[in-house]
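Summary of structural features
Each chain, letter by letter, is given below.
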Protein chains: 2
Amino acid sequence: MASTTVARKQTGRTWEEREDEVRVGGEFPFDAGIEEGLDPADWEEFRRLAHRMVDRMVDFQRDARKARAWQPVSEGAEEFFVGAAPRAGVGAERVYEEFERYVLPYPTGTFHPRFWGWVGGTGTGLGMMADLLAAGLNSTAGQFNDSAARVERQVLDWMKEALGFPQEASGILTSGGSVANLVGLAVGRDAIAGYDVTQEGLSAGGEQLRLYASEQVHSSVVKSAQLLGLGRAGVRLLPVDDHFRLRMDALAAAVAADRRRGVRPFAVVGNAGTVNTGAVDDLTALADFAAEQGLWFHIDGAFGALAALSPKLRPLVLGLERADSIAFDFHKWLYVNYEAGCVLVRDRAAHRRSFTAPADYLDVFPRGTAAQPDPTDSRGPQLSRGFKALKVWMTLRGYGLDTFGRMVDQNVAQARYLSRRIDETPDLERACPVMLNVVCFRFAPAGVTPARLDALNKEILMRLQERGIAVPSSTRLHGDFVIRVAITNQRSRREDFDTLVDAVVRIGNEILAET
Amino acid sequence: MASTTVARKQTGRTWEEREDEVRVGGEFPFDAGIEEGLDPADWEEFRRLAHRMVDRMVDFQRDARKARAWQPVSEGAEEFFVGAAPRAGVGAERVYEEFERYVLPYPTGTFHPRFWGWVGGTGTGLGMMADLLAAGLNSTAGQFNDSAARVERQVLDWMKEALGFPQEASGILTSGGSVANLVGLAVGRDAIAGYDVTQEGLSAGGEQLRLYASEQVHSSVVKSAQLLGLGRAGVRLLPVDDHFRLRMDALAAAVAADRRRGVRPFAVVGNAGTVNTGAVDDLTALADFAAEQGLWFHIDGAFGALAALSPKLRPLVLGLERADSIAFDFHKWLYVNYEAGCVLVRDRAAHRRSFTAPADYLDVFPRGTAAQPDPTDSRGPQLSRGFKALKVWMTLRGYGLDTFGRMVDQNVAQARYLSRRIDETPDLERACPVMLNVVCFRFAPAGVTPARLDALNKEILMRLQERGIAVPSSTRLHGDFVIRVAITNQRSRREDFDTLVDAVVRIGNEILAET
């Protein structure tokens, strides 16, 4: 047989010869005597270590405000994380001590009251403990007849209710907004293409499928298009108005022009809170347009969708409830510990169709471990999924949705407070309207040339972080580098924004004085 | 403007009017007085609760052997998980008590010494605690200049070393094997298509791209093809030999025939441990074939790749080190708590190309939080990623790779022990050769018609689970329903397989007696 010859070329032995070598004449040592395991020899010793860890992490949460917002990884730690794979184990106690020494001092910083970068959520102590419980149970979610499936289903039901989706809608917990966008757009592609994409593939269609979104849309939408085989050419990014909202006239013109040209429009993506400025597209107008044009209406509501929890802010995201699919995160504006996102899909059958693949080893059972409460778990790219639903469930149930409505309000109020502080500070310049929880601004004193401002503000930002004062991030608006403060932080207080404003001005002047 | 008219249709108010309503004359209440947060009012009370949780979960681990392997969710719990979203919170203590009552008693069962279903790993106490530490830090992984990025990089370096990949190779931690397969195949698609798929999309290519795998390949490979826009038609499933290994002659013939027909072959997927029987394809032959034909060589090594950790078993998976990409799980044969998988990709640049999408808010910084040790985190479908690398790192470093080599050996030895027990038991029939850790068999006493055997064995399996004795799963081999035991369990001991064999025969006879 050809394969045998080929294998011999590489190894000098056939696969069968190697197999024989492993079998040792069929007598793999199954009578080797004492078996071992990974459980601790002394559970009480392990218990003491576990309690030490809990004490340390409860202290860490409690003392968040006293900590630096960020600090660079030390040289010692850099060196520690280079080296060959450990053949022998160092044991639980030593590896925990290494964690304390080399990992714990250098977190991303999301836990801190003045972390406002990249729309990172804070986490809570309760969410931290929920992850311990989930990891201890070691349940997988959704696939089996167990409590994890019930917990996840209830989280989805609650979120449908909170966002105005019908209870018959489908959904799944994902790693975060990026995969939630991927799932929503995959279902949209397959539902609207006009032929069986999951069977035939996109090369069978011949025409380019295209989705439409504002140029402010999150990069994960473009990345999803790449992954889905639509390419970046399958995404049309459209201009925005002064408030960074998708221009409906540009959308209508682009779709009409594409149809004339033989490109097939299949979806429009609305932003409920853009990553750059927190802008919310006109979702009711988009819903109407999608309905008229027969397009899939997907909403990226990574954080902004949660504005629906606030009675005050809900009018801003009206139209959310009319989406075909909506993506959002629990680990942003619901402050759930990383990672947990979600996608809701109105059409249950369409959702299943895109993710169902035949498998012999997934039979249907009326009873037992595989008697799933949901007929199939084919709702996303994963098969096994960790029990992240538990921390979401415990967080939502422990605090209640009204609390999150108030916290969302509070973060928006803080954004407006910061906005006012910026407007009142002579050398600061606000770079966009503040509607939700994102504030972009820069230090722009008179006399500094526009060409210098980018480098100046970048340096300010790095010093803010390096000194552990605060962690905003940055973006570019109309080409300009601006400092971006995205407030999805349950530990922030008004005085933290005073600290930021003062530090930006102080560091800005310090840099100017250096040169 | 058209959009205004459209919006008015739905709501009677324009978007701008709604916006004004929210602004309340620009005076969103930022002076509302006292701010709140989600931290506990009394940290010491919270600490006591956290210690209670740890004690409970350490007991749970310690007493795993005394527990039922599985039990159906009670009616009370079913009812508990139905109901409206909680507006007011119940507090941390009560939600924990609800966990104890309604969640804890009904896990999937992976923690149990006799859980052998769906290749589910056991988890460890150390992994459980690592998830607490990761959730407390609330770091995201890979994207920032922090310890999480170093820990993940080192885990990847260690796995490259363990599986024989060069240190320059790329990789990323994923949710599990399914997404790892998706990533590997996406990179393969984009690298081999012959035109810029990420830019143009698949409709620009015109020809069908196709990958090849044995009919025993995991369903996630087919699902990946659907998601990637290749369709199920983009996957050619090929026949296997008596040992359920891909037939190289069938592969060569299929690729040649497709080329003649104008279909473009782009990848071949090798199995290192099939989900059904643990079969390992001839990976060196596949590596040669892929090289000759210019195909991407992806390996699905979900559990089987870890056989490389055992000096005894390594010859079986020879060829692993020649893959272009390899997918595997930490939460299977490395017993890491759910969820954690990995993909390694030999060509670093190709890996990045498939997942890079432009983003204004991801600028490059020489210093500070965004000064990433890796130039870009565009290595998978996620952007934010939880710090799952920590539990992998603590597990590998705590126990050492040699320990996992021995544990892998032990599970294989147990599979062979079970295989021998089956062969020695008159009414049991083994359904496939046992090479690694998967054993398929059925209860097939003389006198029972072939038509009855499927239903009989399905009933045996459900009773095994319902009575909490053991959790094997099932599959179909040559159309027959068989009980499948996949041993990736660090708590199993030889006597557990005696228990299984005895129970299958006893329950089988009990069912026969009933009818």
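Before going into details, it helps to say that this report is about the structure given with it. (Residues numbered from 1 in each chain as written. Chains lettered and ligands numbered in written order. Predicted model: local features only at pLDDT ≥ 70, side-chain atom pairs only at ≥ 80, totals over all residues. Heavy atoms only, no water.)

With that settled, consider the overall build of chain A. Helices and strands together make up the secondary structure of chain A, namely 17 helices and 12 strands. The principal-axis extent of the C-alpha atoms belonging to chain A is close to 85 × 60 × 50 Å. Counting over 515 residues, chain A shows a buried share of 69%. For chain A, long-range pairs separated by at least 24 residues make up 75% of all intrachain contacts whose partners lie at least 6 apart in sequence. Summed over its atoms, the accessible surface of chain A is roughly 15,600 Å², and 50% of this surface lies on carbon and sulfur atoms. A distance of 4 Å separates the average location of the 61 positive side-chain charges in chain A from that of its 68 negative side-chain charges. (Helix = DSSP H or I, 4+ residues; strand = E, 2+ residues; numbered from the N terminus. Buried < 20%, exposed > 50% of the residue type's maximum accessible area, 1.4 Å probe, protein only. Contact = heavy atoms within 4.5 Å. Areas by Shrake-Rupley, 256 points an atom, 1.4 Å probe, with all protein chains shown as cover. Lys, Arg positive; Asp, Glu negative; His and termini not counted. Charge placed at Lys NZ, Arg CZ, Asp CG, Glu CD.)

Let's shift gears to the interface of chain B and chain A. Contact with chain B, which involves 219 residues of that partner, is made by 218 residues of chain A. Between the two partners, chain B and chain A, sit 24 salt bridges. Arg 491 of chain A is paired through a salt bridge with Asp 39 of chain B; the nearest N and O atoms lie 2.8 Å apart. (Salt bridge = Lys/Arg side-chain N within 4 Å of Asp/Glu carboxyl O.)

Taken as a whole, this structure holds 93 salt bridges over all chains when the rule is applied. The residue Asp 454 of chain B makes a salt bridge to Arg 476 of chain B at a minimum N-O spacing of 3.1 Å. On the criterion of sequence distance, the pair formed by Asp 454 of chain B in helix α16 (residues 450-466) and Arg 476 of chain B in strand β11 (residues 471-477) is long-range, its members being 22 residues apart. Residue classification places Asp 454 of chain B among the partly exposed positions, given a relative accessible area of 22%. The residue Glu 510 of chain B makes a salt bridge to Arg 463 of chain B at a minimum N-O spacing of 2.8 Å. Here Glu 510 of chain B is found in helix α17 (residues 494-514), whereas its partner Arg 463 of chain B is found in helix α16, with 47 residues between them in sequence. Each of Glu 44 and Arg 47 of chain A together with Asp 55, Asp 59, Arg 62, Asp 63 and Lys 66 of chain B takes part in one network of salt bridges that share partners.

Bringing unusual backbone geometry into the picture now. Cis geometry marks the peptide bond from Tyr 338 of chain A to Glu 339 of chain A, where omega comes out at -5 degrees. Examined against the element boundaries, Glu 339 of chain A turns out to sit in the loop between β7 (325-329) and β8 (341-345). Backbone geometry places Tyr 335 of chain B, a non-glycine residue, at a positive phi of 60 degrees. Owing to a relative accessible area of 0%, Tyr 335 of chain B belongs among the buried residues under this scheme.

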